Structure formats: C-alpha cells, structure tokens
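Secondary and tertiary structure notes
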Amino acid sequence: MYKILDRDTLPAYLATIPEVVAVLGNEPDPDILEIGDGNLNFVYRVTNPKDPSRVVIVKQAVPYLRMVGEEWPLGRDRMTYEIRALQLYNELVPDLVPTIYHADEEMSTLVMEYLGDHIILRFGMIDGVTYPHVAEHIGQFMAETLFKTSAWSMPSEERRQLMDRFTLNAELCKLTEEFIFTFPYMEHDSNYSNPATDQWARENIHTDTHYKLDVLAFKDLFVSKADALLHADLHSGSLMVNQTESYVIDMEFAYFGPFGFDVGKVISNFLLCCTSHLHRPGGADYRAWLIDQIDVIWTTFATRFNALWLEAGDSAMLIDGLLTAAEFEQLREDFMVELLRESVGFAACSMARRTLGIAGVADIRDIDDLDIRSTLEISNLQLSKQLMNERNALSSIDDLLALVRHHYEQPIL
Ligand code: ADP
Ligand code: SR1
Ligand code: MG
C-alpha cells in the first residue's frame, strides 16, 4: 500500500528490501538527507554512518507537484514511467544511467545508485566548468535510445508493445503541452513575471501570430508524432557529470514522441547557459565552449544514429530489398536535415518556456538584478523567435552554429 516516506519511515521500508540491504548493510539508523532540488519529487540520500561508501538514493513521487505544494495534485504514475524508462535505459545505455537497486511501482519509489562524484551539469556550467566528454555522452545517449526504440530499428509488433507501456503517461504529457507549448505565449496566472520582460512578451510574443502558430505546430508534433521513446525532460538539470563520466537521470516524462524534442531541449539548455554567461564570469571563452558542445552533441548523435541505421536489420519501416543503397543514403541525408530543423523548432519553444513560464532555469533566474536578468531574458526570446523563423533555412549544424554565434556577438549588456 502506498505511503509517503520520510526520514522516520525510510529505514524500516528499506530494511525489507534484500537488494538494498546488500548495498547499505544492516543499519537500523542510517543517515538520511533529502537532497531533491527538482520540481516534482522527493529524493533522499541514505548512508550507512559506519561505512559512508554504502549509500543509496531513494526517489519517491508524491501525489502533488513538489514545486507548488499539495494544492497542485499530480498522480504518482509518473514514477511508474520513470522506472520503466530507467529499466530500459539500463539495457540500452548501462554506462550512462544509474544502476537500479529496487523499483516499487506501488510505492512510487526507485532506489538507485548514488552518483556521489558527480554534480548536476546545469550547476557546473553556471560556474563555468568545462567537461571534456559530456557532449559526446549526450549525443551517444540520444542516438542509442532514440534510434533503438524507433520504427527504423524495432519490429512493428514488439515496438507497439513497448509503446503500450508508455502511452498513459498522460498527466506529465499534459504538463508539457501546457507549460511548454501554451501558457508561456499568453497571459496566464502560472507564468513568471519580471516587468520589462513581461512588457516585451506582450508586444512581441502574445501578438506574434506567426510565431504562436509555429509553436502550435510543434505542440502538434509533440502530441501526435511517435518516433521513439523519449526521455522527454532532457535538460542540463537531468545530467550528472564529472570530468570523465556522464549520467542521465530523471526520466519520469518518458513517452513516445518526436526525436527532435529530446535533441532540441538539450540544445536549448546550452543556449540558455550561454546567454547567462553574457553576464556571468565565463564570458566569451565559456560561451564559445558551450556553442562548440552543441556541435559535438549533434555530430556525435547524427554519426551514431546513422551508423545504427546502417547496421539495422529488417524493421517496422524497412526490409531488405526495398531501397537501393543510393536511395537509402538520400533518405538518411534528407531525414537528418529535417530532424535538425525539428530540433531547432523545439529548442525555440524550450527557450521561451524557460524564460516566460513557471519553471525557469537557475542559469537566468538566479541572477538577482532584475534589469540584467530582463535583458538576458529578452535576448533569449529574440533568439527563440529567430530560431523558429529561420529553422527551415538551416541545412546543416554549421548553419545553426553560425546563426547562434552571430546572435551572441551582438552586445546587449
Ligand atoms: P525531480 O523529478 O523532482 O526533478 P530529479 O530526479 O531531478 O527529481 O532529482 C532531484 C535531484 O536529486 C537532482 O537534481 C540531484 O541533485 C539529486 N539526484 C537525483 N538522482 C540522483 C542520483 N542517482 N545520485 C545523486 N543525486 C541524485
Ligand atoms: C510545472 S512544469 C515543471 C517542469 O519541470 C520539469 O523539469 C519539466 O521540464 C516540467 O515542464
Ligand atoms: Mg523530474
């Protein structure tokens, strides 16, 4: 039976799980610290005080939205989808996700490996730290998980059975539909407020029919296009990293959606951080590093995705003999250009929602001076609009990088 766990009840709960006892040891009085800084759930670090190397993470979904409180009810099913996605990722990309010690759908609880030598990428990037491998790891993660759950890889029936395990992640899909694709582009009580930014949004977002219809077209893709199993919340707060390793966490939004949603969200988070370093000490050098990482992410992703495509046998989409080698090559080339454009459109939506909506990013929202923050917010909105407007003129990652570099060359502060 479901029960909300806390520091008092966690030890007894964990003591009943042999796989957890094997890691933690028989410790009746472990050290427990709530370390969650996310928007939705509670995350505890549980350590054996006699041997601090014996440690686990316990993540539990509660029946409300953590960032608002109990007055915003939210079903606990999200943990079921996080468990299912993390189980699958442990098969597809075991080196890039935490190991599961125990998963309990009824208790909406996941007990997993503690990433003690890693920090959330967002905070490292806010501090201007460079990570030599993170972009490559992100590209690999997306290629493996997206390609291998797509109809270009899986047989039709098997894939539909997998889809069936994720179709009802309805409440979190609705959160995305509203908080990424709807509320930020209109007056809405849930939106963030900063006077100069609000004014700019009223004049340049709420009244821009073309842009709003473009955003709606991307909402349509989010709602309708089931390319692959997405992480669906793949931002720099969902990555824990150090100088050699990267781990993807927090896959509770997982559902079958468009490839470009994961790719675009990642790109947008490097851009949001880049904007923050117009003010933060990282300056031009760190901005250049961030933009270079977008190149590495895309290039690694596209290269690996193509390699998997060439290795794939018969799938729901293709069987041997249908296309000539030249036709297949042309298909892959055209496909990647379209995927880049789709990713850029989703990146544009993500930048606007992180600027105008309830769930901002610390990169920008932790800047105390409201005028400076507003200048950066408006710059993000300008870039969002430019990405959206010009996405279909982009034919390569170099075109995107040129657009972005040009944007950040303009002095704004
Ligand atoms: P939410 O779903 O509420 O956003 P997250 O899964 O993002 O929760 O986790 C919140 C925070 O808990 C993360 O930002 C990170 O600091 C910490 N955390 C989560 N999983 C782990 C882990 N396996 N090891 C170490 N810290 C973790
Ligand atoms: C109320 S929306 C909360 C947001 O936090 C998560 O990280 C997702 O991005 C979601 O949109
Ligand atoms: Mg989450």
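Sequence order as written defines the numbering, with residues in each chain counted from 1. Both sets of labels track the order of writing: A upward for chains, 1 upward for ligands. Side-chain atom pairs in this predicted model are given and counted only at pLDDT of 80 or more, local residue features only at pLDDT of at least 70, and totals for whole chains, interfaces and linings cover all residues. Side-chain numbers here rest on the full set of heavy atoms in the structure, without hydrogens or water.

**Points about the site of ligand 2**
For each residue, the test is whether any non-hydrogen atom lies within 4 Å of the molecule or strand; if one does, the residue is near. Every residue close to ligand 2 is listed here: Asn39, Leu40, Leu65, Met67, Phe179, Asp233, His235, Phe253, Lys265, Arg353, Arg354 and Ala359. N or O atoms within 3.5 Å of each other form a polar contact, as long as, within protein, one can give a hydrogen and the other can take it, and as long as residues adjacent in sequence are counted only when both atoms are side-chain atoms. Between ligand 2 and the protein, one listed contact pairs an oxygen atom with a side-chain N or O atom of asparagine 39 at 2.7 Å. Contact distances for ligand 2 include 2.7 Å between an oxygen atom and a side-chain N or O atom of aspartate 233. In isolation ligand 2 has 320 Å² of accessible area, and contact with the protein removes 97% of it. Cavities and pockets are defined on a 1 Å grid built over the protein atoms alone: a cavity is a set of grid points where a 1.4 Å probe fits but cannot escape, while a pocket is an open set with protein on both sides within 12 Å along at least five of seven lines, and lining residues are those with an atom within 4 Å of any such point. More than half of a molecule's atoms within 2 Å of the grid points is what it takes for that molecule to sit in a cavity or pocket. With respect to the pocket detection grid, ligand 2 is positioned in the largest pocket. Exposure was quantified through the Shrake-Rupley algorithm and a 1.4 Å probe, taking into account, for residues, occlusion by the shown protein chains and nothing else.

**Some words on the sheet that holds strand β8 (residues 119–120)**
Two strands are said to pair when DSSP picks up at least two bridges between them. Labels follow the DSSP assignment, with helices taken as runs of H or I lasting at least four residues and strands as runs of E lasting at least two, numbered in each case from the N terminus. Taken in spatial order, the three strands of this open sheet run β8-β10-β11, and their pairing is antiparallel. The outermost strands of the open sheet, each flanked by one partner alone, are β8 and β11 (246–248). By the bridge criterion, two bridges tie β8 to strand β10 (residues 239–241) in an arrangement that is antiparallel. When the sheet's bridge partners are listed, isoleucine 119 is paired in β10 with valine 241.

**Regarding the state of the cysteines**
Any pair of cysteine sulfurs within 2.5 Å is marked as a disulfide. Evaluation of the coordinates by the stated rule reveals zero disulfides. We note that cysteine 173 lacks a disulfide partner, and the nearest cysteine sulfur, in cysteine 349, lies 15 Å from it. Cysteine 274 takes part in no disulfide bond, and the closest cysteine sulfur to it belongs to cysteine 273, at a distance of 7.5 Å.

**Topic: the packing of aromatic side chains**
How two aromatic rings sit relative to each other is set out by the distance from centre to centre and by the angle between their planes. For Phe, Tyr and Trp, rings pair up if their centres lie within 6.5 Å, where Trp contributes its six-membered ring, and each pair is then called stacked (planes under 30 degrees apart), edge-to-face (over 60) or tilted (otherwise). In this structure the tally under the stated criterion is 26 aromatic pairs. Measuring from centroid to centroid gives 5.4 Å for phenylalanine 259 and phenylalanine 305, while their planes differ by 90 degrees, and the two rings are edge-to-face. Highlighted residues: phenylalanine 259 in helix α10 (residues 259–276) and phenylalanine 305 in helix α11 (residues 283–311), separated in sequence by 46 residues. Of the two residues, phenylalanine 259 and phenylalanine 305, neither departs from the other in class, the shared state being buried. Between phenylalanine 301 and phenylalanine 305 the ring centres are 5.4 Å apart and the planes differ by 50 degrees, which places this aromatic pair in the tilted class. Each residue is placed in one exposure class: buried if its accessible area under a 1.4 Å probe, protein chains only, is under 20% of its type's maximum, exposed if it is over 50%, and partly exposed if it falls in between.

**What to know about the side chain of histidine 118**
As for its position among the elements, histidine 118 is in the loop between β7 (109–113) and β8. Classification of histidine 118 by relative accessible area gives buried; the value is 10%. Among the polar contacts listed, one links the side chain of histidine 118 to the side chain of glutamate 245, at a separation of 2.8 Å. Those residues within four positions of histidine 118 in sequence are excluded, and the remaining contacts are Met240, Val241, Asn242, Glu245 and Tyr247. Contact between two residues is taken to exist if any of their heavy atoms lie within 4.5 Å; hydrogens are not considered.

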